[in-house]
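Commentary on secondary and tertiary structure
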Amino acid sequence: MGTVVDAPAVVAEEATENTLGGKKVTVVFVLGGPGSGKGTQCANIVEHFGFTHLSAGDLLRAEIKSGSENGTMIENMIKEGKIVPSEVTIKLLQDAMIKNENDKFLIDGFPRNEENRAAFENVTKISPAFVLFFECSEEEMERRLLGRNQGRVDDNIETIKKRFKTFVESSLPVIEYYSSKGKVKKIDAAKPIPEVFEDVKTIFSPYAPKLLFGAPSSGDHIHIIYAYPSRSSLFSKLVGMWGRCEPVSKHSIRHASSEHTGHWSCRRAPARPPRARRLNTRSAHAHRRPEKMTAVHTLRPQELFLPVEASSWAVRSRIG
Ligand SMILES: Nc1ncnc2c1ncn2[C@@H]1O[C@H](COP(=O)(O)OP(=O)(O)O)[C@@H](O)[C@H]1O
Ligand SMILES: O=c1ccn([C@@H]2O[C@H](COP(=O)(O)OP(=O)(O)O)[C@@H](O)[C@H]2O)c(=O)[nH]1
């Protein structure tokens, strides 16, 4: 008698390339019923963790406005609370990710059914780092949607009921799928907005910017050393804190694993000229460029590795 040899387990192939247009990307799917607070919390995540927010619904509404040939079809689907064909939504999401120089994306309100999910993974070869799932009762979601006041064609009681049905029948199975893979992070979304964000923050803490050193130097200069998952998002953060800020030099940018480490010297740019005077991009840019670079703060080794969160650092250094 021959020995019984276990057949190798057939493991479902998972999309793991996670590259798009030559860059490695991190994708988080943000799911939950209509009105559960996905968009609201995504705005907070963008602000604190440097992700780019891509709302599938917003992309579809922009497509309607653009007068695209799919516009009427999309509008009718939205009015009926139905799910737009995958190829349309995936194309919009894929284009938006390629166009954007960030490498971390929150995909909000997608995938909405199993077909959306499988098609996205097949076409893009991207699988999400995890799925953030906002759990909320229909009663509370209905109250929120009826009070949203954004003039949306689908925020009326008749369409809301249809959207709830679609969510239960088609979208919950997607959450179950990712749950079986241990990828779902569930949030109690019925709590007030700041409390929900506290829970979200805990989940996103691995993506928090680690500003290793930040010191205001003479004048309106600042010198920073940072370890941040993405340079572009750190720069957006500085722009956010300073109003306008231009990098005037950059040194020793080192790419270490998934992080970029290095230091930049930035200074506040002068105010923009009034709109009418900005005749072309070139002259506007010339106007904004600081006249000359002054000496930047010199870092001593003991000044390094002072762990400060970018947000608290803004308060500490009284810049912003
Ligand atoms: N935790 C919350 N408590 C109360 N109202 C909320 C909460 N989160 C969001 N809202 C409000 O509910 C409405 C729907 O939120 P939104 O973020 O647009 O939901 P979604 O993107 O899931 O459809 C908005 O008017 C928003 O201000
Ligand atoms: O991937 C998507 C995302 C949205 N929609 C359509 O757009 C509507 C609004 O979606 P959105 O996420 O903007 O709003 P929410 O349902 O969270 O309020 C949905 O009901 C669908 O009709 C879709 O078909 N596919």
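Quick summary incoming for the structure in this document. Values in this document were obtained by computation on a predicted structure and should not be read as measured data. (Residues numbered from 1 in each chain as written. Chains lettered and ligands numbered in written order. Predicted model: local features only at pLDDT ≥ 70, side-chain atom pairs only at ≥ 80, totals over all residues. Heavy atoms only, no water.)

In this section: the side chain of Asn116. Relative to the helices and strands, Asn116 resides in helix 5 (residues 114–124). Since its relative accessible area comes to 2%, Asn116 is described here as buried. At 2.9 Å, the side chain of Asn116 and the side chain of Ser86 are in polar contact. In contact with Asn116, other than residues within four places in its own chain, are Ile83, Val84, Ser86, Ile90, Phe110 and Pro111. (Helix = DSSP H or I, 4+ residues; strand = E, 2+ residues; numbered from the N terminus. Buried < 20%, exposed > 50% of the residue type's maximum accessible area, 1.4 Å probe, protein only. Polar contact = N/O pair within 3.5 Å; in protein donor to acceptor, adjacent residues only side chain to side chain. Contact = heavy atoms within 4.5 Å.)

We now examine helix 5. Taken together, the buried positions of helix 5 are Asn116, Arg117, Ala119, Phe120, Glu121 and Thr124. In this fold, the buried residues of helix 5 make contact with strand 1 (19–20), strand 3 (26–32), helix 4 (86–99), strand 5 (104–108) and helix 7 (157–180). Remark: Lys125 follows helix 5 within two positions and exhibits a positive phi of approximately 60°.

Take the packing of helix 2 (residues 56–65) against helix 3 (residues 71–79) next. The geometry of helix 2 relative to helix 3 is characterised by a closest axis approach of 8 Å and an angle of 135° between their N-to-C directions. By the angle between their axes, helix 2 is oblique relative to helix 3. The way helix 2 lies across helix 3 gives a crossing that is left-handed. Taking contact as the criterion, the partners of Leu60, Arg61, Glu63 and Ile64 in helix 2 are, on helix 3, Gly71, Ile74, Glu75 and Ile78. A class-by-class count of the residues in the contact of helix 2 with helix 3 yields 4 nonpolar, 1 polar and 3 charged. (Axes fitted to C-alpha atoms, helices over the stretch in contact; angles between N-to-C directions. Parallel < 35°, antiparallel > 145°, perpendicular 65-115°, else oblique. Left-handed = near helix turned anticlockwise from the far one by under 90°. Nonpolar A, V, L, I, M, F, W, Y, C, P; charged D, E, K, R; others polar.)

Lining the immediate environment of ligand 2, one finds 20 residues, of which Lys38, Lys82, Val84, Arg112 and Arg163 sit closest. Contacts to ligand 2 include Arg61, whose side-chain N or O atom sits 2.8 Å from an oxygen atom. One of the side-chain N or O atoms of Arg152 is found 3.0 Å from an oxygen atom in ligand 2. Top element by residues in the shell around ligand 2 is helix 2. It accounts for 4 residues. When its residues are assigned to classes, the shell around ligand 2 shows 8 nonpolar, 4 polar and 8 charged. (Near = heavy atom within 4 Å.)

This part takes up the nonpolar core. Residues Ile45, Leu132 and Phe204 are the most contacted members of the largest nonpolar core, which totals 24 residues. Elements supplying a minimum of two residues to this core: strand 3, helix 1 (38–49), strand 6 (130–135), helix 6 (138–146), helix 7 and helix 8 (193–204). With 5 residues, helix 8 is the largest single contributor of residues to this core. Membership of the second largest hydrophobic core comes to 23 residues, among which are Phe29, Leu93, Val131 and Phe167. (Core = buried A, V, L, I, M, F, W, Y, C linked by side-chain atoms within 4.5 Å.)

This paragraph deals with the site of ligand 1. With respect to spatial proximity, 13 residues lie near ligand 1, and among them Lys38, Gly39, Thr40, Arg148 and Lys191 are the closest. Between ligand 1 and the protein, one listed contact pairs an oxygen atom with a backbone N or O atom of Gly37 at 3.0 Å. The contact in question runs from a nitrogen atom of ligand 1 to an N or O atom on the side chain of Arg144, over 3.3 Å. Protein burial of ligand 1: of its 560 Å² of free accessible surface, 77% is covered by the chains. Its residues assigned to classes, the shell around ligand 1 comprises 3 nonpolar, 6 polar and 4 charged. (Areas by Shrake-Rupley, 256 points an atom, 1.4 Å probe, with all protein chains shown as cover.)

Moving on to the packing of helix 4 against helix 5. Orientation of helix 4 relative to helix 5, taken along the N-to-C sense of each, is 45°, at an axis distance of 10 Å. With respect to their mutual orientation, helix 4 and helix 5 come out oblique. Two packed elements cross with a definite hand, and for helix 4 against helix 5 that hand is right-handed. Contact with helix 4, carried on its side by Ser86, Ile90, Leu93, Gln94 and Met97, involves Glu115, Asn116, Ala119, Phe120, Val123 and Thr124 of helix 5 and no other residues of that element. Its residues assigned to classes, the contact of helix 4 with helix 5 shows 6 nonpolar, 4 polar and 1 charged.

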